Amino acid sequence: MSRVALALVLCGLVGCGDDDSSDAGADSGAPDATLDANDSGTDGGADAPDADGGPDVVVPTNARERLGLRGPEVVGFREFPVSYERPDDGGTRELRLLAWYPGSVDEGERPMYTLRSSTVARLDVEAKPGSYPVLMFSHGHQAIPDALAYVMEHFASHGWIVLAPEHTGNTVVDGDSRTAEIYYLRPHDVRASLDFALADEVLGALMGSPRVLSGHSFGGYTAYALAGASYDVDAIRDGCADESLGSAIFEGLTEDALTLLDGGFADDRYDAMLAMASGDFGLFDDFSEVTIPVMQMVAENDGHPAGQVADDEYWNALDGEDDLRWNLLGGAHNSFSDICVMIPGFARCSEQDAQSEIDLVKLFALAFVRDRLMSDADAAAVLGEGDVLVELTPRE
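Residues numbered from 1 in each chain as written. Predicted model: local features only at pLDDT ≥ 70, side-chain atom pairs only at ≥ 80, totals over all residues. Heavy atoms only, no water.

Undergrad: Where do I start with the state of the cysteines in this structure?
TA: In protein structure, a disulfide is the covalent linkage between the sulfur atoms of two cysteines. Inspection of the entire model under this criterion finds one disulfide. Paired by a disulfide, C340 and C349 hold their sulfur atoms 2.0 Å apart. Disulfide C340 to C349: torsion about the S-S bond roughly -90°, handedness left-handed. The same class applies to C340 as to C349, namely buried. (Disulfide = S-S within 2.5 Å. Buried < 20%, exposed > 50% of the residue type's maximum accessible area, 1.4 Å probe, protein only.)

Undergrad: Looking at this model, I keep getting lost on the packing of aromatic side chains. Mind explaining?
TA: The description of an aromatic ring pair rests on the distance of the ring centres and on the angle between the ring planes. Tallied over the entire structure, the rule returns 20 aromatic pairs. Seen from their ring centres, Y221 and Y231 are 6.3 Å apart, and the 70° between their planes marks the pair as edge-to-face. With Y221 in helix α5 (residues 218–227) and Y231 in strand β7 (residues 230–231), the pair connects residues that are ten residues apart, well separated along the chain. Residue classification places Y221 among the buried positions, given a relative accessible area of 0%. These aromatic residues form a ring-pair network of at least three members: Y183, F218, Y221, Y224, Y231, F265, F281, F284, F287 and Y314. (Phe/Tyr/Trp six-rings, centres within 6.5 Å; stacked < 30°, edge-to-face > 60°. Helix = DSSP H or I, 4+ residues; strand = E, 2+ residues; numbered from the N terminus.)

Undergrad: How should the sheet that holds strand β8 (residues 272–276) be read in this particular structure?
TA: Hydrogen bonds between backbone atoms are what pair the strands of a sheet, whose relative direction is either parallel or antiparallel. Taken in spatial order, the ten strands make up an open sheet running β3-β1-β2-β5-β4-β6-β8-β10-β11-β12, and their pairing is mixed. Looking at the sheet topology across the chains shown, the edges are occupied by β3 (121–123) and β12 (390–394). The mean angle between the axes of side-by-side strands here comes to 25°, regardless of whether they run parallel or antiparallel. Sheet strands in contact with α5 are β4 (132–138), β6 (207–216), β8 and β10 (294–299), and its direction is about 130° off that of β6. Here helix α10 (residues 354–374) sits on the sheet in contact with β4, β6, β8, β10, β11 (324–328) and β12, set at roughly 170° to β11. (Pairing = 2+ DSSP bridges. Axes fitted to C-alpha atoms, helices over the stretch in contact; angles between N-to-C directions. Contact = heavy atoms within 4.5 Å.)

Undergrad: What am I meant to see in the nonpolar core here?
TA: One recurring pattern in soluble globular proteins is that nonpolar side chains are buried together. Formed by 57 residues in total, the largest nonpolar core has its most connected members in L163, Y224 and Y231. Broken down by element, the residue count for this core peaks at nine residues, all from helix α4 (residues 180–199). Residues in contact with L163, not counting those within four places in the same chain, are L97, L98, A99, V134, L135, M136, F137, A197, L203 and M207. (Core = buried A, V, L, I, M, F, W, Y, C linked by side-chain atoms within 4.5 Å.)

Undergrad: Even after reading the chapter, I still don't get the side chain of D323, so can you show me in this structure?
TA: Within the secondary structure, D323 is located in the loop between α8 (313–317) and β11. With a relative accessible area of 2%, D323 lands in the buried category. In terms of polar contacts, D323 uses its side chain to reach the backbone amide nitrogen of V294, at 2.9 Å. In contact with D323, not counting residues within four places along its chain, are I292, P293, V294, W315, L318, R372, P394 and R395. (Polar contact = N/O pair within 3.5 Å; in protein donor to acceptor, adjacent residues only side chain to side chain.)

Undergrad: How do you make sense of the pattern of salt bridges when you look at a structure like this?
TA: Where charged atoms from two side chains of opposite charge come close, those side chains can pair. Under the defined criterion, the tally for this structure stands at 23 salt bridges. Between D234 and R237 there is a salt bridge; the shortest N-O distance is 3.4 Å. Pair noted here: D234 and R237 are both in helix α6 (residues 233–242), with a separation of three residues, about one helical turn. Sharing partners across several salt bridges, the network here consists of R191, D195, D267 and R269. (Salt bridge = Lys/Arg side-chain N within 4 Å of Asp/Glu carboxyl O.)

Undergrad: Help me out: how do you make sense of the environment of P210 in this one?
TA: Mapped onto the elements, P210 comes out in strand β6. Spatially, the C-alpha atoms of P210 and Y270 are 7.3 Å apart, while their sequence positions differ by 60 residues.

Undergrad: So what exactly am I meant to see when it comes to the environment of M152 here?
TA: For M152, the location among the structural elements is in helix α3 (residues 149–157). Along the backbone, M152 and A99 are 53 residues apart, and their C-alpha atoms lie at a distance of 8.8 Å. Residues within four places of M152 in sequence aside, it is in contact with W100, L135, F137 and V162.

Undergrad: When you look at the packing of α3 against α10 in this model, what are you seeing that I'm missing?
TA: Running from N to C, α3 and α10 cross one another at 40°; their axes reach a closest spacing of 10 Å. Judged by the angle between their axes, α3 and α10 are oblique. For the pair α3 and α10, the crossing hand works out as right-handed. Along the contact surface, α3 presents Y150, V151, H154 and F155, while α10 presents Q355, I358, V361, K362, A365, L366 and V369. Counted by class, the contact of α3 with α10 contains eight nonpolar, two polar and one charged residues. (Parallel < 35°, antiparallel > 145°, perpendicular 65-115°, else oblique. Left-handed = near helix turned anticlockwise from the far one by under 90°. Nonpolar A, V, L, I, M, F, W, Y, C, P; charged D, E, K, R; others polar.)

Undergrad: Got a minute to help me understand the pairing of strand β5 (residues 161–165) in this structure?
TA: Look at any regular strand and the pattern is simple: side chains alternate between the two faces of the sheet. For β5, the buried fraction is high: five of the five residues fall into the buried class. Covered by surrounding structure in β5 are I161, L163 and P165 together with V162 and A164, the residues of both alternating faces. In this sheet, β5 lies alongside strand β2 (residues 92–103) in antiparallel orientation, the contact comprising four bridges. Pairing of L98 across the sheet is with A164, part of β5. Once you follow β4 into α3 and on to β5, the crossover reads as right-handed. (Right-handed = clockwise from strand over helix to strand, strands pointing away.)

Undergrad: Honestly, the confidence of the model for the protein in this entry has me stumped. Any pointers?
TA: Parts of the model with low pLDDT should not have their predicted coordinates read in detail. With 84% of its residues at a pLDDT of 70 or more, the protein has an overall mean of 87. Across residues 11–30 the pLDDT falls below 50, and counting only partners more than four positions away or on other chains, this stretch makes 64 contacts in the model. Considering only residues more than four positions removed or in separate chains, one finds that residues 33–53, a stretch of pLDDT under 50, has 80 contacts. (pLDDT = per-residue confidence, 0-100.)

In structure tokens:
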């Protein structure tokens, strides 16, 4: 599909009905965030664009600025084709993998994301030699892998490799229907993408540690599956019979699919997780194997009123001492993505300043992983200071 045609599809989604992708239930099929905003290159408004459209360098003076402003690294971007054999004997599955990484020189063409040209990254620029931490991102239902490009570019500018596979058959151009197979293909997409990156001649030389798993909405479900959450197969089977569970997983559900779910998809190659507005909690029944630090990121207007921590099912299922719950006050389901900046009033955006919400996502996501995995003093200071628009709940 051409970019113009895709733009028309996306614009046609404005005003779509809500899906219940908070942890109280499963996604009903409305789109998650699906495109990038027109990045001003400011990373929060502190920089002014230069003649090339990119930001001037601003020297940070405190912990919040050091983590919240664009980092010192040039951001490179390129795409890779990935293929693997499906786990259900369905043949070869092909997908597109997006990668952001520290670049060697701030020169060359700007990459075109789904609907706009980046003002930060450089297309196919040579990578800066080194070993870097890794962020893996799973996009939501009816979404695209560059839906959170602000966040991806931010991490890369701070010296991270960022990988975002496109979940073939579950993007904005594929319609709102989904069947049982996508529930087990998504974790395999992510696993295959990490396998590819580690073996690739370009990416493999850059892949270091720690590694962080992340996802938004249906991608949050995917991340929890990979982190070790176990499926309640009996409830899924029974729910398929009486439609009590309220999940799209019942479409095309077979015993073979249940067998794959029952085996789980845990991947122990990750050290922490950022779970954003995650859905489909009801499919899981055991989180005891989720042992990595989790930042459970939710939004107030996505079913998480302030002060109602006890109603957060995902949070209540976790018990790690390094877990942290992050609630964006006044925020909505798509506040984590770029789409609310580009299309104010898009489905499930808040009434707050969308760029400010994105800036908070970038700041606290980076602070969490640097505090929990790198013992970073600036990160600890950011988490300790908090923000008036963020409700932080540590594990007691």
